[in-house]
Amino acid sequence: GAAGNRADGMCAVCDFSGYEKDSLTQKGWHEAELLADKMEKTDVTAFYVSPLGRAQDTASVTLKRLGRSAKTYHWLREFHAPIYDKKTKKLCGPWALMPSFFTKEDDLYDVKKWADTEFMKQGRVKQEYRKVSQGLDKILKAHGYERKDKYYKAVNANKDTIVFFCHFGVECVMLSHLLNISPVCLWQGFCAAPTSVTTLYTEEREKGIAVWRCSSFGDISHLYAGNEEPAFAARFCEIYDDMSQRH
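The shown structure was predicted, so the numbers you read here are calculated from the model rather than taken from an experiment.

### Structural notes on the pattern of salt bridges
Step number 1: In the structure shown here, the tally under the stated rule is 11 salt bridges.
Step number 2: Here Asp 116 and Lys 126 are joined by a salt bridge, their closest N and O atoms 2.9 Å apart. Of the two residues, Asp 116 is situated in the loop between helix 3 (99-102) and helix 4 (118-121) and Lys 126 in helix 5 (residues 125-142); the sequence distance between them amounts to 10 residues.
Step number 3: The closest approach of N and O atoms between Arg 235 and Glu 238, which form a salt bridge, is 3.5 Å.
Step number 4: A relative accessible area of 64% means that Glu 238 is categorised as exposed.
Step number 5: Salt bridges sharing common partners tie together Glu 33, Asp 37, Glu 40 and Arg 65.

This is the structure in structure tokens:
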């Protein structure tokens, strides 16, 4: 994570998933070690982690390396608001939308309207989004930044860096809340590879008024530094006819 002038830096790390066992694959453990190489060079004030095993495992490597501990919060688990898809007749995450659907629903792109669309109303999306936002704001308040409408009051401006070990879906919800963007735009338009790092910092250009800016999303430079090929896991097929890639 990196902090700007009079800023509170925030770094979100996406885990490498072995979803069936909720733990890391062999490659995941290796990536977690490379991530720790990166994180041990960062002056971190506090660590927060999802309760899910794959995030706990990813965090454990860095925490052990630094001799640190982390606080676990349930709301940092992967964003859990399943919706019944009438087309597939299965439950799906609110981010698992096909382009032919979400590109025609203008309200999904609207930060004020997305959660009240007919599709999103099928699940507890709005309630879960509020739970994540409130949990995040409580932590930020403890670090000196209090939510006020669309910005934060710099009650105790500082250069603390805090780190979250979490998951792509909930990461996008947090970014949505901090940057005042519909999470659908983030869920559908961004990709965070396993063990990638997203960094934000605050800017206090006006006394007492802090806003967030994203300086990097899904950074995997630590993998390249370790000559490790990034996993394809977070992506979908680049070409429809390529059945070797996730559809």
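### Brief notes about the environment of Phe 79
Step number 1: By secondary structure assignment, the location of Phe 79 is in the loop between strand 3 (71-72) and strand 4 (83-85).
Step number 2: Sequence spacing of Phe 79 and Gly 67 is 12 residues, and the spatial spacing of their C-alpha atoms is 29 Å.
Step number 3: Those residues within four positions of Phe 79 in sequence are excluded, and the remaining contacts are Pro 94, Trp 95, Val 125, Glu 128, Tyr 129, Val 132, Gly 169, Val 170, Val 173 and Trp 187.

### Topic: the packing of helix 1 (residues 26-39) against helix 2 (residues 53-66)
Step number 1: At a minimum axis separation of 9 Å, helix 1 and helix 2 run at an interaxial angle of 40°. In terms of orientation, helix 1 and helix 2 fall into the oblique class. Of the two elements, helix 1 crosses helix 2, and the hand of that crossing is right-handed. Only Asp 57, Thr 58, Ser 60, Val 61, Thr 62, Arg 65 and Leu 66 of helix 2 make contact with helix 1, whose side of the interface consists of Trp 29, Ala 32, Glu 33, Leu 35, Ala 36, Asp 37 and Met 39.
Step number 2: The class makeup of the residues in the contact of helix 1 with helix 2 is seven nonpolar, three polar and four charged.

### Side note on helix 1
Step number 1: Across its 14 residues, helix 1 extends 20 Å between first and last C-alpha, which sits within 8% of the 20 Å expected from 1.5 Å per residue.
Step number 2: Within the sequence span of helix 1, burial applies to Gly 28, Glu 31, Ala 32, Leu 34, Leu 35, Ala 36 and Met 39.

### Looking at the pairing of strand 10 (residues 209-219)
Step number 1: Here two bridges tie strand 7 (residues 151-154) to strand 10, and the two strands are oriented antiparallel to one another. Bridging across to strand 10, Lys 153 finds its partner in Ile 209.
Step number 2: Where strand 9 (residues 197-206) and strand 10 come together, seven bridges link them in antiparallel fashion. If you follow Leu 200 over to strand 10, its bridge partner there is Cys 214.
Step number 3: What sits between the antiparallel neighbours strand 9 and strand 10 is a turn of two residues, in which Gly 208 has the positive phi angle 85°.

What counts as what
As a convention, each chain's residues are numbered from 1 in the sequence order in which they are written. Under the rules for a predicted model, residues below a pLDDT of 70 receive no local features and side-chain atom pairs below 80 are neither given nor counted, while totals for whole chains, interfaces and linings still include all residues. Computation of side-chain values: all heavy atoms of the structure, hydrogens and water removed. By salt bridge we mean one thing: a side-chain nitrogen of Lys or Arg within 4 Å of a carboxyl oxygen of Asp or Glu. Working definition: helices are DSSP H or I runs of at least four residues, strands are E runs of at least two. Numbering for both runs from the N terminus. Remark: exposure states derive from per-residue accessible area (1.4 Å probe, protein chains only) relative to the maximum for the residue type, with buried under 20%, exposed over 50%, and partly exposed in between. Should any heavy atoms of two residues lie within 4.5 Å, those residues are counted as being in contact. All axes here are fitted lines through C-alpha atoms, helices being fitted over the stretch that makes contact, and every angle between N-to-C directions spans 0 to 180 degrees. Just so you know how the angles are binned, under 35 degrees is roughly parallel, over 145 roughly antiparallel, 65 to 115 roughly perpendicular, and the rest oblique. By convention the crossing between two helices is left-handed if the near helix lies anticlockwise of the far one by an angle smaller than a right angle, and right-handed if it lies clockwise. Here the term charged refers only to Asp, Glu, Lys and Arg, the term nonpolar to Ala, Val, Leu, Ile, Met, Phe, Trp, Tyr, Cys and Pro, and the term polar to all other amino acids, Gly among them. Every helix has an expected span of 1.5 Å times one less than the residues it contains. Whether two strands pair comes down to DSSP finding at least two bridges between them.

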